[in-house]
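# Coordinate analysis (summary)
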Amino acid sequence: MDTVCPQELHRLASALELSGDVLAKPTFSSDNGRFSGGVGNQHEAKSGDSTKANGPGNSINMEIAQGLKRVLFGSRPFLFCDEWSRAHLQWQHQRGQFPYGLFCPKDKSRGIVMVIQAHILKHLLFDNMDSQDNREQISSAMQVKPSELERRNTIISSLADILWRAGNATKAVVVIQHGSMLGPTRSELRRLEHLVSTLRTLEYNSYDQLWTCLKKRIDQFTNHEGGGILLFLYSLILSRSINKVENDLQGDTLLTHTDQCALPLISLTLTGSATPYLFNGDLVYDIKGQPLPEPLRGIKGRCDIGLLLVERNRLLSKDKKQVGSMLKTPIFPIWITYLNGRYSILFCLNGNLNRDWRIEHCFTLHYFNGQSEQTKETKLTVDSRMCSFEAAPTISKHSEEKTIPLVEECILTRWSGAKVNWNGSLPLV
């Protein structure tokens, strides 16, 4: 019988351990269609064990699990619906109308998927725009027909960008699955214990190391069995840290009472801070000029990706969200749109749109929402030659009658008074 040297046995054992970790597929457990929040299908890890005996990285403890519950749900039960449990990153068909697009059929996780989509577009369109001359060359839709390798690399870069920003460009945490299934249970404590036993964290202090980790584990975020979006959500929170997220939220939560992505979660993905306020800087005084008990912290700097918002149910309300120029005029001409609680994207192929006022005279915006009913590309021509940039939109008779499509109304919050031509497309929203 052939003998094997100790060194060879050690090498084979290491390879098997690595293979078992990388190839593991997620499995989920539900309680009447509700998701416990844990993922994984491997051997259950011991709570609070930070060694690598039960897998790579460090296990989380109950304090972290309870912190995740607080920032996500507040005082509500820690219980994800089946839609969240199934959510993952899924590309649309490469030969279809939207080879650059992610598929997002449901509403609850769509906000975070759309932010990832916006970062994918940023990389596909503008990664080579290092000079002014290169920026002027971006004018063809061919730029958004990526190969399979480009799609894989851009989704990795997009996840890395968001996590690295959340960690203040000094660290990032990647949450991976390494645990067993949980049977149906009504006990919140049991669900939190399951979270402790099935999640592990990997921390990186280098963007390159983070990118390499995500490349190695990207299948955990794209696996069709689901759970990838939850893993990314946990990674995002822990990259920022629970204490900082709680401080950012100022009493708010990352999910709405209907379990959709709240605006603070979108702020966290866009800016690295989970503030519920979208205006520039800090608000120190109330409308009467009196000092506030605590400043309301808004957006500190210009963002890579912007945000435009329409809430018709709050059109005349004191609670209406005010979006500042830091989000209205991002570095790249890509905007997350929040239309009565539903998220989508507007983007322009010309990288100079927010840099040269002459380009803003007449330009084309592309609209994308990731849903199956959008079967054709939607291009909107915006003619702003007669409008006043950054002027606050007025409430017109059309707005009151709600005859203007939401997408068009959203555009007018950035280019007030502009004319929008749908070029034969039927308004989707």
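Scoring rules and cut-offs
Residues numbered from 1 in each chain as written. Predicted model: local features only at pLDDT ≥ 70, side-chain atom pairs only at ≥ 80, totals over all residues. Heavy atoms only, no water. Helix = DSSP H or I, 4+ residues; strand = E, 2+ residues; numbered from the N terminus. Buried < 20%, exposed > 50% of the residue type's maximum accessible area, 1.4 Å probe, protein only. Salt bridge = Lys/Arg side-chain N within 4 Å of Asp/Glu carboxyl O. Polar contact = N/O pair within 3.5 Å; in protein donor to acceptor, adjacent residues only side chain to side chain. Contact = heavy atoms within 4.5 Å. Phe/Tyr/Trp six-rings, centres within 6.5 Å; stacked < 30°, edge-to-face > 60°.

## Focus: the environment of Lys 244
- Relative to the helices and strands, Lys 244 resides in helix α11 (residues 242–249).
- For Lys 244, a relative accessible area of 44% gives the class partly exposed.
- As a C-alpha pair, Lys 244 and Ser 273 span 29 residues in sequence and 8.2 Å in three-dimensional space.

## Quick look at the pattern of salt bridges
- For the coordinates displayed, the defined rule picks out 15 salt bridges.
- One salt bridge connects Asp 107 with Arg 110, and the closest N-O pair in it is separated by 2.5 Å.
- Judged by relative accessible area, which is 29%, Asp 107 ranks as partly exposed.
- With a relative accessible area of 3%, Arg 110 lands in the buried category.
- The partner of Arg 414 in a salt bridge is Glu 360, and the shortest N-O contact between them spans 2.9 Å. With Arg 414 in the loop between α15 (406–412) and β14 (419–421) and Glu 360 in the loop between β11 (342–347) and β12 (362–368), this residue pair connects regions lying 54 residues apart in the sequence.

## Comments concerning the side chain of His 123
- Inspection of the secondary structure assignment puts His 123 in helix α4 (residues 110–126).
- Judged by its relative accessible area of 11%, His 123 is buried.
- At 2.5 Å, the side chain of His 123 and the side chain of Asp 161 are in polar contact.
- Setting aside its immediate chain neighbours within four residues, His 123 contacts Thr 154, Ser 157, Ser 158 and Asp 161.

## Considering the pairing of strand β5 (residues 172–177)
- β5 sits mainly inside the fold: six of its six residues count as buried.
- Of the two faces of β5, both are covered, the one formed by Ala 172, Val 174 and Ile 176 as well as the one formed by Val 173, Val 175 and Gln 177.

## Quick look at the packing of aromatic side chains
- Throughout the structure, instances matching the rule amount to 15 aromatic pairs.
- Plain terms: the ring middles of Phe 98 and Phe 368 are 5.3 Å apart, the flat faces sit at 55° to each other, and that makes the pair tilted. Pair noted here: Phe 98 is in the loop between α3 (82–86) and α4 and Phe 368 is in strand β12, with a separation of 270 residues, a long-range link. Each member of the pair, Phe 98 together with Phe 368, is buried.
- Centroid distance Tyr 277 to Phe 279: 5.6 Å. Interplanar angle 25°. Geometry classified as stacked.
- Take Phe 279: its relative accessible area is 18%, and that puts it in the buried class.
- Taken together, the ring pairs in this structure connect Phe 73, Phe 78, Phe 80, Trp 84 and Tyr 234 into an aromatic cluster.

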